[in-house]
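Observations on the model geometry
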Amino acid sequence: SSIYINDAVDALSLLINANERKYNLYHVSSAHRVTEDKIAKIIKDTYNHPIDIVDKTTGLRKRMVLSNERFCKEFSFDVKNRYEEFIPRVIAYIDSHKKHFLNNDEKSNKA
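Read on for an overview of the structure. (Residues numbered from 1 in each chain as written. Predicted model: local features only at pLDDT ≥ 70, side-chain atom pairs only at ≥ 80, totals over all residues. Heavy atoms only, no water.)

Comments concerning the overall build of the chain
The helix and strand tally for the chain stands at 5 helices and 0 strands. Secondary structure elements in the chain, listed N-terminal to C-terminal, are α-α-α-α-α. With 111 residues in all, the chain has 22% of them scored as buried. Sequence-distant contacts, at least 24 apart, represent 82% of the contacts inside the chain between residues at least 6 apart. (Helix = DSSP H or I, 4+ residues; strand = E, 2+ residues; numbered from the N terminus. Buried < 20%, exposed > 50% of the residue type's maximum accessible area, 1.4 Å probe, protein only. Contact = heavy atoms within 4.5 Å.)

Examining unusual backbone geometry
Of all residues except glycine, most have a negative phi; of all peptide bonds, most are trans. Despite not being glycine, Ser-76 has its phi angle at roughly 50°, a positive value. Looking at the secondary structure, you find Ser-76 in the loop between helix H3 (69–75) and helix H4 (83–96).

A closer look at the pattern of salt bridges
Under the defined criterion, the tally for this structure stands at 4 salt bridges. The salt bridge partner of Glu-69 is Lys-73, with a shortest N-O separation of 3.1 Å. Here Glu-69 pairs with Lys-73, and both are found in helix H3, just 4 residues apart, close to one helical turn. Overall, Glu-69 belongs to the partly exposed group, its relative accessible area being 46%. For the salt bridge of Lys-98 with Asp-95, the shortest nitrogen-to-oxygen distance reads 3.2 Å. (Salt bridge = Lys/Arg side-chain N within 4 Å of Asp/Glu carboxyl O.)

Dropping the structure here:
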C-alpha cells in the first residue's frame with residue numbers, strides 16, 4: 001500500500017498539528033492493495049529499456065495491507081495521489097537523474 005510523499009507529508013502534518021488524538025498508533029498508507037507484479041508491470045510499461053519481471057510471490061499465502069481507516073476517519077484524510085499515477089512519475093524522475101541512482105561500480109562502467 002504505497003503512498004506518495006506529498007500525501008505522507010499531508011498526513012503527518014494533520015497528525016502533528018492535531019490538538020488531541022484518540023489513539024497512540026496510526027497507519028498512514030494509501031490502503032490500496034498493490035502487488036509487486038502490478039508495480040513491475042507499470043515500471044515495465046513506463047521505462048524505455050527492456051525489463052524482465054521475476055515473480056517472487058510463488059507460494060505466498062497471505063499479504064498484509066496497512067489500513068489507514070482509523071487515521072482517515074479521525075483526521076478527514078484522503079489520499080490524492082494513486083500509485084498508477086505516481087509510479088510513472090517516479091520512474092521518469094529516476095530515468096532523467098540516473099547518475100544519482102547508480103552505485104560506484106555502475107558509474108565507472110558508464111564512463
